[in-house]
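The residues making up each chain are set out below.
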Amino acid sequence: PFIAVTLSYFKRIFILIFKRKYQIYIVHCELFPFFPYFLEKFFLGKNYIYDFDDAFYLKYLSGKYSFLKIFLGKKFEKIITNASYVSAGSKALYEYASQFNKNVILLPSVVDTNNFSPTRNWEEKRYSHRNPLVLGWIGSPSTEKYLDILIKPLSNLGKKIPIKFLVVGGSCPDIPNVHIEELAWDEGSEVKHINLMDIGLMPLQDDEWSRGKCGFKLVQYLSCKIPVIASNVGANNEIVDRRCGFLVSNEDGWVRFINKLYNDSRLIRSMGSFGRNRILEHYSLKANLPKFISIILSANER
């Protein structure tokens, strides 16, 4: 791994030095992780756009890399301050970036709705012990820790109704009374797997990192006409309209709203339809790409 990372650094340096045919760079996260900003600035020059969709600025301020705080704690502030434009994926990130740069635009995480689209016939769905309610979650090993939030409410609910929990891209803890199916994430099959779900879930802890998240799971679910239930944290409350899902703040909320949808298949369908329209209007590639193009052109003029 060390050799691979080192080669990646040299490859990026080579591109930046010997292929200076670009008028604008778009930086996501960091140009060189663990290197100070002045080195990045040397390679970037003055004209770059900074794009972020997570609270990356916490990387050297808390957690396992906080021992670097004295050297790199203000790195992201400097990256944002000196950018020609900043695109932020949520209101929380927008407000943070606006402290350091006046040219900030809110650009949420989006999907290509030509690809992320519903494929199932909802009229055929009937819930029974032979055809249980399918709850779903899609993520990665770095976010699977949030599944612990669901252990108790899903276990209690599983005593009353048949539940299948489809987990895509992560490992699920054991949940008594719930049938769990884990599927590996793959770009070619993720839309198919999402379309197997009846309800999409997004549990989160209420902390500074989670408040910086952009709710991409919810956008994926809703684009496929899957109603959602999510923790009332960060961008979740920007994405989830009461007509396409529910926000919860405690264990009882998960039980109450899942049970509500289980007992009302028409509500599942109506929420899913509204959710799809909401994504088309606000969180689709088609709706947001012109905004991103506009800041690229504006940066180029500068």
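The following paragraphs examine the structure supplied in this document. (Residues numbered from 1 in each chain as written. Predicted model: local features only at pLDDT ≥ 70, side-chain atom pairs only at ≥ 80, totals over all residues. Heavy atoms only, no water.)

**As for the overall build of the chain**
Reasoning step 1: A tally of regular secondary structure across the chain gives 13 helices and ten strands.
Reasoning step 2: Here the C-alpha atoms of the chain give a radius of gyration of 21 Å, agreeing with the 19 Å that 2.2 N^0.38 yields for 302 residues.
Reasoning step 3: Summarising its shape, the C-alpha atoms of the chain cover approximately 65 × 40 × 35 Å along the three principal directions.
Reasoning step 4: For the chain, buried positions account for 49% of its 302 residues.
Reasoning step 5: Taking the intrachain contacts of the chain between residues at least 6 apart in sequence as the baseline, contacts between residues at least 24 apart amount to 65%.
Reasoning step 6: Distance between charge centroids for the chain: 3 Å, based on 40 positive and 29 negative side chains. (Helix = DSSP H or I, 4+ residues; strand = E, 2+ residues; numbered from the N terminus. Rg over C-alpha atoms; globule rule 2.2 N^0.38 Å. Buried < 20%, exposed > 50% of the residue type's maximum accessible area, 1.4 Å probe, protein only. Contact = heavy atoms within 4.5 Å. Lys, Arg positive; Asp, Glu negative; His and termini not counted. Charge placed at Lys NZ, Arg CZ, Asp CG, Glu CD.)

**Digging into the sheet that holds strand 2 (residues 48–52)**
Reasoning step 1: Judged by pairing direction, the sheet is parallel, and its four strands sit side by side in the order 1-2-3-4 without closing on themselves. Of all the strands in the sheet, the pair left with one neighbour each is strand 1 (25–28) and strand 4 (104–106). Each strand of the sheet is rotated relative to its neighbour by a mean of 20°, with strand direction disregarded.
Reasoning step 2: Of the strand pairs in this sheet, strand 1 and strand 2 are connected by four bridges, and their pairing is parallel. Opposite Tyr25, over in strand 2, you have Tyr48 as the bridge partner. (Pairing = 2+ DSSP bridges. Axes fitted to C-alpha atoms, helices over the stretch in contact; angles between N-to-C directions.)

**Considerations on the packing of helix 6 (residues 151–158) against helix 11 (residues 251–262)**
The packing of two helices is summarised by the inter-axis angle and the distance between the axes.
Reasoning step 1: Axis separation between helix 6 and helix 11 bottoms out at 8 Å; the angle between their running directions is 40°. Relative to helix 11, helix 6 is oriented oblique. Handedness of the helix 6/helix 11 crossing: right-handed. Contact residues: helix 6 offers Lys152, Pro153, Leu154 and Leu157, while helix 11 offers Glu251, Trp254, Val255, Ile258 and Asn259. (Parallel < 35°, antiparallel > 145°, perpendicular 65-115°, else oblique. Left-handed = near helix turned anticlockwise from the far one by under 90°.)

**As for the pattern of salt bridges**
Reasoning step 1: Under the defined criterion, the tally for this structure stands at ten salt bridges.
Reasoning step 2: For Lys75, the salt bridge goes to Glu30, with nearest N and O atoms at 2.7 Å. With Lys75 in helix 4 (residues 75–81) and Glu30 in the loop between strand 1 and helix 2 (37–44), this pair connects stretches of sequence that are 45 residues apart. Here Lys75 and Glu30 have matching classes, each one buried.
Reasoning step 3: For the salt bridge of Asp206 with Arg211, the shortest nitrogen-to-oxygen distance reads 2.7 Å.
Reasoning step 4: Residue Asp206 is classed as exposed on the basis of its relative accessible area, which comes to 56%.
Reasoning step 5: Owing to a relative accessible area of 37%, Arg211 belongs among the partly exposed residues under this scheme.
Reasoning step 6: Among the ionic contacts, a cluster of salt bridges with common partners joins Glu30, Glu40, Lys59 and Lys75. (Salt bridge = Lys/Arg side-chain N within 4 Å of Asp/Glu carboxyl O.)

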